[in-house]
Amino acid sequence: MPAIKIGIVGAGGMARYHYDGFTKAGAEVIAIANRNIERANEFASPRNIKKTYDTLTRMLDAESGLDAVSIAAPNKFHKSLIIEALENGLHVFCEKPPTLNAAEMKEVLAAVKKSGKKLLFDFNNRARPESRAMLSYIKSGKVGRINSAQAIWIRRAGIPGFGGWFTTKAVSGGGPVIDLLHMIDLALYFMDYPEPSFALSSVFYDFMGNKAFKGPWGIADTQNGVTDVESACHAFLTFKSGQCLTIRNSWAEMNEREVVSVVFQGQKAGGKVERVFQRDGSDETSMDTCRIFTEENGVHVNIDMITEQDKTMGRESAAANFVYTLTGAAEPLNTPEQALILMKIIDALYESAASGKPVSIG
Ligand SMILES: NC(=O)c1ccc[n+]([C@@H]2O[C@H](COP(=O)([O-])OP(=O)(O)OC[C@H]3O[C@@H](n4cnc5c(N)ncnc54)[C@H](O)[C@@H]3O)[C@@H](O)[C@H]2O)c1
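What counts and what doesn't
Residues numbered from 1 in each chain as written. Predicted model: local features only at pLDDT ≥ 70, side-chain atom pairs only at ≥ 80, totals over all residues. Helix = DSSP H or I, 4+ residues; strand = E, 2+ residues; numbered from the N terminus. Expected span 1.5 Å × (residues − 1). Axes fitted to C-alpha atoms, helices over the stretch in contact; angles between N-to-C directions. Parallel < 35°, antiparallel > 145°, perpendicular 65-115°, else oblique. Contact = placed C-beta atoms within 7 Å. Nonpolar A, V, L, I, M, F, W, Y, C, P; charged D, E, K, R; others polar. Domains from an automatic or database assignment. Pairing = 2+ DSSP bridges.

1. Digging into helix 11 (residues 336–355)
Its 20 residues give helix 11 an end-to-end C-alpha distance of 29 Å, which sits within 8% of 28 Å, the value for a rise of 1.5 Å per residue. At the C-terminal side of helix 11, Gly356 shows a positive phi close to 75 degrees.

As structure tokens, then:
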């Protein structure tokens, strides 16, 4: 079978994970497009990517051999880039969040159905070794139905730059509610993606102008740029199935350190997948654990799962899963229908926070 040929759109922070994951899975990255073509050239030259462009449109016009496009551009552009690629008969791998909101995701879903092509999103935390190990326990029946879960991604000081696209709501869709949606997605994945019914949410804007709360990564500060997104969110969700989910997402909050976790309580066992950081945002200081809390033979038992370390937090494996999905070697790690449920939840979190009232999710 000839190698899958992929073009990447967006040569920023995430592109290297796409490239590494695709190539490790046997695909070829034949082109990259970036609005500023110098950046595309800088990315392409050490990796021997032959062609660079300044737009997806120009890449599609010139490259007839592409099978797929991967999108690593800011959130505002996801919808139009996905639809353009699908309409040109290509499969798509796109960064999270899927779109800016559920209305956009409905348009994307319609385009997927019309095209018959595959669309996967980079919910890389599903691809982490700890998440795969936990899912195998859940699927084995040892956890039972998950009644309740807590999705947490909290940072003490992790604002990804001031005034750039991350902090401009019109381009990003919002702050940590939408940027750090990974743990909400992972909790839903463990809970078998139930249909949500109500959301009650509060958001806060503290520290958004305070440089002491800038993360060690992200993009450069922009003079006179816009910083109009929230710094933290606390919320509660209920589902039609009777399950419930507590959410804490923050870029800047007076917590001891950055914590990324899903904790759940099942009818037979509880569990926790957790990454804690010594320093906010520094993957190399992180420690991952994966544990089950259960009872056997009248004894309370904790099971520590031993998994391989993945400092990329599943990012390379998620990109590889896209290639394996196209070659038929693996099942897709996520679906566009799940992305629509997730975007409805994100919309409801913002709507409830704005109105101060619980919001029904249709
Ligand atoms: N999965 C994860 O762990 C993770 C982590 C960080 C960011 N992200 C997501 O990845 C995406 C990119 O984030 P990033 O940190 O790489 O951003 P970035 O700002 O570092 O890079 C984005 C690049 O896209 C280019 N660009 C902008 N608009 C474009 C367009 N219309 N066409 C072509 N190029 C365009 C910019 O010039 C820039 O080089 C975002 O959606 C973000 O939410 C995901």
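Right, picking up where we left off after that structure.
2. Things to note about unusual backbone geometry
With an omega of -10 degrees, the peptide bond between Lys96 and Pro97 qualifies as cis. Along the chain, Pro97 falls in the loop between strand 5 (91–94) and helix 5 (102–115). Phi angles above zero are rare outside glycine, and Asn224 is one such case at about 60 degrees. Residue placement: Asn224 occurs in the loop between strand 8 (196–204) and strand 9 (232–239). One non-glycine residue, Asn297, lies in positive phi territory at about 55 degrees.

3. Quick look at the packing of helix 5 against helix 11
Here helix 5 crosses helix 11 at 170 degrees, and the two axes come no closer than 9 Å. In terms of orientation, helix 5 and helix 11 fall into the roughly antiparallel class. Here Ala102, Met105, Lys106, Val108, Leu109 and Val112 of helix 5 lie close against helix 11, whose contacting residues are Pro336, Ala339, Leu340, Met343, Lys344 and Asp347. Its residues assigned to classes, the contact of helix 5 with helix 11 comprises nine nonpolar, no polar and three charged.

4. Notes on the domain arrangement of the chain
In terms of domains, the chain is made up of domain 1 (5–121) and domain 2 (128–311 + 341–360). Taken over C-alpha atoms, the centre of domain 1 sits 26 Å from the centre of domain 2. Across the contact, eleven residues belong to domain 1 and 13 residues belong to domain 2. Class assignment of the residues belonging to the side of domain 1 that touches domain 2 gives a composition of six nonpolar, three polar and two charged.

5. Here's the deal with the pairing of strand 13 (residues 286–296)
Examined bridge by bridge, strand 12 (residues 270–277) and strand 13 share eight bridges and lie antiparallel to one another. Considered in strand 13, the bridge of Arg275 is made with Asp288. Both strand 13 and strand 14 (residues 299–304) contribute to a ladder of six bridges, which runs antiparallel. Counterpart to Glu296 in the pairing with strand 14 is Val299. Where strand 13 hands over to strand 14, the hairpin turn is made up of two residues, of which Asn297 adopts a positive phi near 55 degrees.

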